Amino acid sequence: MIDEKQAVALALEARKKSYSPYSKFAVGAVIVTNDGRVFEGANIENAAYGLSMCAERNAIFNAYMHGCHKEDLALLSVIADTGEPVSPCGSCRQVISELYPADKPIILANLKGEVRKTNAKELLPFAFDDQDL
Ligand code: THU
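Each residue is numbered by its place in its chain's sequence as written, counting from 1. pLDDT decides what is reported in this predicted model: residues at 70 or higher carry local features, side-chain atom pairs at 80 or more are listed and counted, and totals for whole chains, interfaces and linings draw on all residues regardless. Computation of side-chain values: all heavy atoms of the structure, hydrogens and water removed.

Peer 1: Mind showing me how you'd approach the sheet that holds strand β3 (residues 73-80) here?
Peer 2: Strand-to-strand pairing in sheets goes through backbone hydrogen bonds, with the strands running parallel or antiparallel. Note on pairing: DSSP must find at least two bridges between two strands before they are called paired. Helix and strand definitions follow DSSP, with helices as H or I runs of at least four residues and strands as E runs of at least two, each counted in order from the N terminus. Overall, mixed pairing links the five strands, which are arranged β2-β1-β3-β4-β5 in an open sheet. Where the open sheet ends on each side, the last strands, each with one partner, are β2 (38-42) and β5 (115-118). Geometrically, the sheet is characterised by an average inter-axis angle of 15° between neighbouring strands, direction not taken into account. Of the strand pairs in this sheet, strand β1 (residues 27-33) and β3 are connected by seven bridges, and their pairing is antiparallel. In this analysis an axis means a line fitted to C-alpha atoms, helices contributing only their contacting stretch, and an angle means the value between N-to-C directions, from 0 to 180 degrees.

Structure, rendered in structure tokens:
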């Protein structure tokens, strides 16, 4: 089974696939499933900036597009070249809160080897969800 350290290393590999000519801020992410599969994501930007997509969401969408659902997901790791371990944006927090299990580990990292372990509940307390509709 892929451990947290390995997941960070895999996210660093995924980061190489970032297409970020505008921000020059490359982000990598991976989702690890309960049965040990790995789905990568990197941020993919566009000249129409608002169409860009974050690494975290690409990794989660990648897993779903391969037939995974929330209950199949075991670990999410994200890495970028930040002073502190990378902090997912608000849009990603909303998507994570719906599509990733509330209590499963989310490992945030930076290139200095610093790591922060958190979860979806901590990243977005009091989230808007389907129960609010
Ligand atoms: N970005 C991510 O992919 N994930 C984050 O957690 C923060 C921001 C991307 C979006 C954009 O392509 C670039 O980083 C700068 O904001």
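Peer 1: Looking at this structure, I do not really get helix α2 (residues 55-65). What am I missing?
Peer 2: Each full turn of the α-helix corresponds to 3.6 residues, which orients residues three or four apart in the same direction. What α2 keeps buried is the set Ala55, Glu56, Arg57, Ala59, Ile60 and Ala63. At its buried positions, α2 is contacted by β1, β2, β3 and α3 (90-99). Following α2 by one or two positions, Gly67 adopts a phi angle in the positive range, close to 95°. For every residue, the accessible area obtained with a 1.4 Å probe (protein chains only) is divided by the maximum for its type, and the residue is called buried under 20%, exposed over 50%, and partly exposed between those limits. Contacts were defined at the residue level, with two residues in contact if any of their heavy atoms lie within 4.5 Å.

Peer 1: Sorry, what's going on with the state of the cysteines here?
Peer 2: By definition, a disulfide links two cysteine residues through a covalent bond between their sulfur atoms. For this text, the term disulfide refers to a pair of cysteine sulfurs within 2.5 Å. In the structure shown here, the tally under the stated rule is zero disulfides. The thiol of Cys68 is unpaired, and the distance to the nearest cysteine sulfur, on Cys92, comes to 18 Å. On the accessibility criterion, Cys68 (0% relative accessible area) is buried. Between Cys92, a cysteine without a disulfide, and Cys54, which holds the nearest cysteine sulfur, the sulfur-to-sulfur distance is 3.8 Å.

Peer 1: Hey, could you run me through the packing of α2 against α3 in this one?
Peer 2: Describing two packed helices takes the angle between their axes plus the distance from one axis to the other. At their nearest, the axes of α2 and α3 sit 9 Å apart, and the two run at 25° to each other. Taken together, the axis directions place α2 and α3 in an arrangement best described as roughly parallel. The two elements α2 and α3 meet at a crossing, and its hand is left-handed. Residue-level contacts link Glu56, Arg57, Ile60, Phe61 and Tyr64 of α2 to Ser91, Cys92, Val95, Ile96 and Leu99 of α3. For this classification, under 35 degrees means roughly parallel, over 145 means roughly antiparallel, 65 to 115 means roughly perpendicular, and everything else is oblique. Each crossing gets its hand from how the near helix is turned against the far one by less than a right angle, where anticlockwise is left-handed and clockwise is right-handed.

Peer 1: Before we go on, may I ask you to explain the environment of Ser91 in this structure?
Peer 2: Note that Ser91 resides in helix α3. For Ser91, a relative accessible area of 41% corresponds to the partly exposed category. Considered as a pair, Ser91 and Asn43 are 48 residues apart in the sequence and their alpha carbons are 13 Å apart.

Peer 1: Could you clarify how one ought to interpret the nonpolar core in this entry?
Peer 2: Side chains of a nonpolar character, in soluble globular proteins, are inclined to be buried together. Buried residues of nine kinds, namely Ala, Val, Leu, Ile, Met, Phe, Trp, Tyr and Cys, make up a nonpolar core once their side-chain atoms join them within 4.5 Å. Ranked by internal contacts, the top residues of the largest apolar core, which has 33 residues, are Ile31, Leu76, Val78, Ile96, Tyr100 and Ile106. Taken together, the elements giving at least two residues each to this core come down to α1 (4-15), β1, α2, β3, α3, β4 (106-110) and α4 (120-123). Element by element, the count of residues in this core is highest for β3, at six residues.

Peer 1: How do you make sense of the site of the ligand when you look at a structure like this?
Peer 2: Here a residue is near a molecule or strand as soon as one of its heavy atoms is found within 4 Å of it. Contacts to the ligand come from Ser23, Phe25, Val27, Asn43, Glu45, Cys54, Ala55, Glu56, Ser87, Pro88 and Cys89. The contact in question runs from an oxygen atom of the ligand to an N or O atom on the side chain of Asn43, over 3.0 Å. Counted as a polar contact is a pair of N or O atoms within 3.5 Å, where, for protein atoms, one must be capable of donating a hydrogen and the other of accepting one, and residues adjacent in sequence contribute only when both atoms are in side chains. Backbone polar atom of Ala55 to an oxygen atom of the ligand: 2.9 Å apart, as the coordinates give it. Computed on the free molecule, the ligand has an accessible area of 370 Å², of which 78% lies beneath the protein chains in the complex. Any residue that is not Ala, Val, Leu, Ile, Met, Phe, Trp, Tyr, Cys, Pro, Asp, Glu, Lys or Arg is counted as polar, Gly included; the first ten are nonpolar and the last four charged. Classifying every residue of the shell around the ligand by side-chain character gives six nonpolar, three polar and two charged. Reported accessibility uses the Shrake-Rupley method at a 1.4 Å probe radius. Residues are deemed covered only where the shown protein chains occlude them.

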